[in-house]
Amino acid sequence: MRRILSNNEKNINQSHDQPALEVRNVSKAFGGVNAINEVSLVVDSGRSGVMIGPNGAGKTTLFNLITGEALLDDGEIYIFGENVTKAPVQRRSELGLARTYQISNLFHELTVEENLYLGLKGKERDTKRLFSFVIPWFKNQERIYKVQDVAESVGLEQKLDTIVSNLSHGEQRQLELGMALAPDPKIVLFDEPMAGLSPSERSFMKKLIGRLASQKIILAIEHDMDFALSLTNHVTVMHQGAVLAQGTPEDIKQNEDVLTIYKL
Ligand SMILES: Nc1ncnc2c1ncn2[C@@H]1O[C@H](COP(=O)(O)OP(=O)(O)OP(=O)(O)O)[C@@H](O)[C@H]1O
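Residues numbered from 1 in each chain as written. Predicted model: local features only at pLDDT ≥ 70, side-chain atom pairs only at ≥ 80, totals over all residues. Heavy atoms only, no water.

**Remarks on the site of the ligand**
In plain terms, the rule: If even one non-hydrogen atom of a residue comes within 4 Å of a molecule or strand, that residue is called near it. Two N or O atoms count as a polar contact when they lie within 3.5 Å, although within protein this holds only if one can serve as hydrogen donor and the other as acceptor, and sequence-adjacent residues are included solely when both atoms are side-chain atoms. Accessibility throughout is a Shrake-Rupley quantity obtained with a 1.4 Å probe, and a residue counts as covered only by protein chains that appear here.
Lining the immediate environment of the ligand, one finds 14 residues, of which Gly56, Gly58, Lys59, Thr60 and Thr61 sit closest. At a separation of 2.8 Å, an oxygen atom of the ligand approaches a polar side-chain atom of lysine 59. Side-chain polar atom of histidine 223 to an oxygen atom of the ligand: 3.2 Å apart, as the coordinates give it. Look at the ligand: alone it shows 630 Å² of surface, and the protein chains cover 60% of it.

Here it is as structure tokens:
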């Protein structure tokens, strides 16, 4: 396999002095609901984190604020030291941020290969749809290799010509991962990557994400507690829009507040 991740590994090492991601006292309300209330979070360069918490804790909203898909009411967000609080989605992805979604973000009528070209382009969804018409002109040898590498890295190298709607649910989730990885991001936010997968698909996805965690800076929202706590040493627990606890998996397993909300 060609080494698509080498630039990224280099970048991670180069940026050790700055946190990869910093969320400072961020708040966001929807009408009367305080979805996020003065949340602070640091993801250092060269390491990954995982975020757990019950339904409605504010995890996806926090992801939307980090990517710029939703605007915060208060606080600041930094990516590799750059203040991106008011920056558009595109600037944040130029700095190396990518994400996956709970709800499928794929183009179901296009092939795996075409979707990956759109991922490579790294634009917002509406722009991508327009861009799909010019894929034949966008292709060059370097991009063809790149798409093949990404497909291989998510286990879809045999499915490049398959129309997405003919993929299994697990393969679609793998492709979503590939879409996020295509622009060679430095930080990847995973929103419940295991949701809806069968046991065998889960085990494949766990291996994929486990491998990625050693190559990229990952922040994952995950409900599978065992997997979440095995992924990284840095765990954040959210509850009712706030950070309830932060620490190692051992700290979290023994934290009384966490045990209470999970009724363990
Ligand atoms: N666009 C929106 N409009 C109104 N309320 C919203 C919106 N998005 C989120 N909320 C509310 O904000 C709170 C946090 O929701 P969020 O989806 O971020 O939680 P979550 O921790 O990701 O939950 P889950 O694990 O179920 O995905 C919830 O009370 C939710 O109803």
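Alright, that's what it looks like, and here's the rest.
**Thoughts on the environment of isoleucine 217**
Filter applied, for reference: Helical segments are the DSSP runs of H or I of at least four residues, strand segments are the runs of E of at least two, and each set is numbered from the N terminus.
Mapped onto the elements of the fold, isoleucine 217 is located in strand β8 (residues 217-221). Distance from isoleucine 217 to glycine 46, taken between C-alpha atoms, is 6.2 Å for residues 171 residues apart in sequence.

**Details of the packing of helix α8 (residues 169-181) against helix α9 (residues 199-212)**
Relative orientation and spacing of two packed helices are given, respectively, by the angle between their axes and the distance between those axes. To keep it simple, the criterion reads: Axes here refer to lines fitted to C-alpha atoms; in helices the fit is confined to the stretch in contact. Angles between the N-to-C directions go from 0 to 180 degrees. Reported orientations rely on four angle classes, namely roughly parallel under 35 degrees, roughly antiparallel over 145, roughly perpendicular from 65 to 115, and oblique for the rest. Handedness of a helix crossing follows the sense of rotation of the near helix relative to the far helix, less than a right angle counterclockwise being left-handed and clockwise being right-handed. Any two residues whose heavy atoms approach within 4.5 Å at even a single point are treated as in contact.
At a minimum axis distance of 10 Å, the contact between α8 and α9 shows a crossing angle of 15°. As judged from the angle between their axes, α8 and α9 are roughly parallel. Viewed along their axes, α8 and α9 form a crossing whose handedness is right-handed. Contacts from His169, Gly170, Arg173, Gln174, Leu177 and Leu181 in α8 reach Glu201, Phe204, Met205, Leu208 and Leu212 in α9.

**Quick word on the pairing of strand β1 (residues 19-30)**
Inclusion rule: Only strands that DSSP links by at least two bridges are regarded as paired with each other.
Note: β1 against strand β2 (residues 33-44), eight bridges, orientation antiparallel. In the strand pairing of β2, valine 26 is matched with valine 39. The turn linking β1 back onto β2 is made up of two residues, and glycine 31 within it adopts a positive phi angle of 60°. Where β1 and strand β4 (residues 74-79) come together, five bridges link them in antiparallel fashion. The partner of leucine 21 across the bridge, within β4, is isoleucine 79.

**Some points on unusual backbone geometry**
Of note, the phi angle at asparagine 25 is positive, near 50°, even though the residue is not glycine. One can find asparagine 25 in strand β1. At glutamine 240, a residue that is not glycine, the phi angle is positive and equals roughly 50°. Of note, glutamine 240 is situated in the loop between β9 (235-239) and β10 (242-247).

**Thoughts on α8**
This is how the line gets drawn: Expected helix span is computed as 1.5 Å times (number of residues minus one). Think of it in three bands: residues with accessible area under 20% of the maximum for their type are buried, residues over 50% are exposed, and the middle band is partly exposed, with areas taken using a 1.4 Å probe on protein chains only.
Here α8 contains 13 residues, and its C-alpha end-to-end distance of 19 Å stays within 8% of the 18 Å for a straight helix at 1.5 Å per residue. Where burial is concerned, most of α8 is hidden: twelve out of the 13 residues are buried. Listed as buried for α8 are Gly170, Glu171, Gln172, Arg173, Gln174, Leu175, Glu176, Leu177, Gly178, Met179, Ala180 and Leu181.

**Re the environment of lysine 146**
Relative to the assigned elements, lysine 146 resides in helix α7 (residues 141-153). The exposure class assigned to lysine 146 is buried, which follows from its relative accessible area of 18%. Separated by 37 residues in the primary sequence, lysine 146 and proline 183 have C-alpha atoms spaced 9.4 Å apart.

**Quick word on the side chain of glutamate 222**
Here glutamate 222 lies in the loop between β8 and α10 (225-231). Looking at glutamate 222, its side chain comes within polar contact range of the main-chain nitrogen of aspartate 224, at 2.9 Å. Residues within four places of glutamate 222 in sequence aside, it is in contact with Val50, Met51, Ile52, Glu192, Pro193, Met194, Phe227 and Ala228.

**Focus: the side chain of threonine 100**
By the secondary structure assignment, threonine 100 is in the loop between β6 (97-99) and α4 (112-121). Looking at threonine 100, the relative accessible area reads 4%, which means it is buried. Here the side chain of threonine 100 touches aspartate 191 through a polar contact of 3.2 Å, landing on its backbone nitrogen. Apart from the residues lying within four places of it in its own chain, the contact partners of threonine 100 are Glu176, Leu177, Ala180, Leu189, Phe190 and Asp191.

**Notes on the packing of α4 against α7**
In plain terms, the rule: By the convention adopted, Pro, Cys, Tyr, Trp, Phe, Met, Ile, Leu, Val and Ala count as nonpolar, Lys, Arg, Asp and Glu as charged, and the other residues, Gly among them, as polar.
In the contact formed by α4 and α7, the axes pass within 10 Å of each other and the chain directions differ by 110°. Looking at the two axes, α4 sits roughly perpendicular to α7. From α4, Glu113, Leu116, Tyr117 and Leu120 reach across to α7, where they touch Arg143, Ile144, Lys146, Val147, Val150 and Ala151. Considered class by class, the residues forming the contact of α4 with α7 number seven nonpolar, no polar and three charged.

That's the geometry; what it means functionally is another story.
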